[in-house]
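# Observations on chain architecture
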Amino acid sequence: MSKDELCMVLDWAAAEGWNPGLHDADSFYAADPDGYLLARVDGVPAASIFAVRYGARFGFIGGYIALPPFRGQGHGMAVWQAGMARLAGRTVGLDGVPAQQGNYAKSGFVLAHRNVRYEGRGRGMSGDSGGPGTHGAHGGVVPLAAIGADEVVRYDQPFFADDRGRFIRHWITQPGSVALGIAAAGRLAGYAVLRPCRSGYKVGPLFADTPAQAHALFDALLAHAPAGSPVYLDVPEPNREALALARSYGMQPCFETARMYTGAAPALDLARTYGITTFELG
């Protein structure tokens, strides 16, 4: 796909209720410009898949959609096979709806864990966009721009299966987003991003060394979301502290996915993962 076509497919995703971010396309495209495939029937866009390569060993599947008029005709399977062929020889991950686990298993995917989406509400207490000196009540939380992208990319490495530096550099600077970090003992100890979506806001990722630091980051981000606006956090179920964090804010589960991989699941640091970055790209 071209970037414009990727924007079109994100509109498809919005129509499916997936609620993508308003500015996700640039970040997605930066990850792997050749990783977005589109099937056409007589020149008409019919089906899509994201088959994004990370580093030399990993890939992620997302954006798998066949438009309603083209379903049941094999076009979805054709684009699926093209996406998997592009990632041949790599460990591949995806976040799929639980009802499709059986179908993904036929392609060699194995369940690793559930992710649960929680919905809460913004607090609207911060009147700025994250400038210096606005987070003193949140345990040393500072704008991520004060940390530097190189350190953020280094901190991110234990949470993902391969190099995604290009993606992260774009993700933390999305228009309209708020990106915050927290430091301890002179080094980055967590970071999180709040971005505007078609409906409300999503927090992702939310990584932190301790539950207290995760709470401080999340609390600061809630202050940047307009009061009463929907805020979503995608929590890996194995992290009980992350589930407790969501519940402590009165958030309610509203959706879930099955994180699945081909081959052995990567050894990710789920104990410090309080919020998944994005279901579309991992």
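Residues numbered from 1 in each chain as written. Predicted model: local features only at pLDDT ≥ 70, side-chain atom pairs only at ≥ 80, totals over all residues. Heavy atoms only, no water.

Under an unreviewed UniProt entry, the protein chain has the name GNAT family N-acetyltransferase and belongs to Pseudoduganella rivuli.

### Describing the overall build of the protein chain
Looking only at helices and strands, the protein chain features eight helices and 12 strands. In terms of overall size, the protein chain behaves like a compact globule, its C-alpha atoms giving a radius of gyration of 18 Å where 282 residues would be expected to give roughly 19 Å. Overall size of the protein chain, expressed as C-alpha extent along the three principal axes, is 55 × 35 × 35 Å. Partitioning the contacts of the protein chain with sequence separation of at least 6, the portion at a separation of at least 24 is 73%. Side chains of the protein chain give 24 positive and 25 negative charges; the mean places of these two sets differ by 3 Å. (Helix = DSSP H or I, 4+ residues; strand = E, 2+ residues; numbered from the N terminus. Rg over C-alpha atoms; globule rule 2.2 N^0.38 Å. Contact = heavy atoms within 4.5 Å. Lys, Arg positive; Asp, Glu negative; His and termini not counted. Charge placed at Lys NZ, Arg CZ, Asp CG, Glu CD.)

### A word on unusual backbone geometry
With omega at 0°, the peptide bond leading from G204 into P205 counts as cis. Relative to the elements of secondary structure, P205 occurs in strand β9 (residues 201-208). Of note in this structure, N19 is not a glycine but carries a positive phi near 55°. Within the secondary structure, N19 sits in the loop between α1 (3-15) and α2 (24-31). The class for N19 is buried, based on a relative accessible area of 10%. Despite not being glycine, A185 shows a phi value in the positive range, around 55°. Looking at the secondary structure, you find A185 in the loop between β7 (178-184) and β8 (187-196). (Buried < 20%, exposed > 50% of the residue type's maximum accessible area, 1.4 Å probe, protein only.)

### Here's the deal with the packing of aromatic side chains
Throughout the structure, instances matching the rule amount to 20 aromatic pairs. A ring pair is formed by Y36 and F50, whose centres lie 5.0 Å apart and whose planes are at 75°; its orientation type is edge-to-face. Remark: F50 occurs in strand β2 (residues 44-54) and Y36 occurs in strand β1 (residues 36-41); sequence separation between them is 14 residues. Judged on exposure class, the residue Y36 and its partner F50 are both buried. Considering the side-chain rings of F159 and F207, the 4.0 Å spacing of their centres and the 5° angle between planes classify their relative orientation as stacked. Separated by 48 residues along the polypeptide, F159 in the loop between α5 (149-156) and α6 (165-171) and F207 in strand β9 bring together distant segments of the chain. F207 shares its class with F159; the two are buried. A network of ring pairs unites the aromatic residues F28, Y29, Y36, F50, F167 and W171 as a single cluster. (Phe/Tyr/Trp six-rings, centres within 6.5 Å; stacked < 30°, edge-to-face > 60°.)

### Some points on the confidence of the model for the protein chain
When pLDDT is averaged along the protein chain, the result is 94; 95% of the residues meet or exceed 70. This stretch, residues 127-137, has a pLDDT under 50; its non-local contacts, to residues over four places away or in other chains, come to 16 contacts. (pLDDT = per-residue confidence, 0-100.)

### Examining the nonpolar core
In terms of nonpolar packing, the biggest core is built from 37 residues, with L6, F28, Y36, F50, Y191 and L281 touching the most fellow members. It is α1 that contributes the most residues to this core, five residues altogether. In terms of nonpolar packing, the next biggest core, distinct from the first, is built from 30 residues, Y201, V231, A242 and L245 among them. (Core = buried A, V, L, I, M, F, W, Y, C linked by side-chain atoms within 4.5 Å.)

### Quick look at the pattern of salt bridges
Under the counting rule described, the total for this entry stands at 18 salt bridges. For R40, the salt bridge goes to E5, with nearest N and O atoms at 2.5 Å. Taken together, the positions of R40 in strand β1 and E5 in helix α1 put the pair 35 residues apart, joining distant regions of the chain. For R40, a relative accessible area of 44% gives the class partly exposed. Linking R121 and E119 is a salt bridge whose minimum nitrogen-to-oxygen distance equals 2.9 Å. Looking at R121, the relative accessible area reads 44%, which means it is partly exposed. (Salt bridge = Lys/Arg side-chain N within 4 Å of Asp/Glu carboxyl O.)

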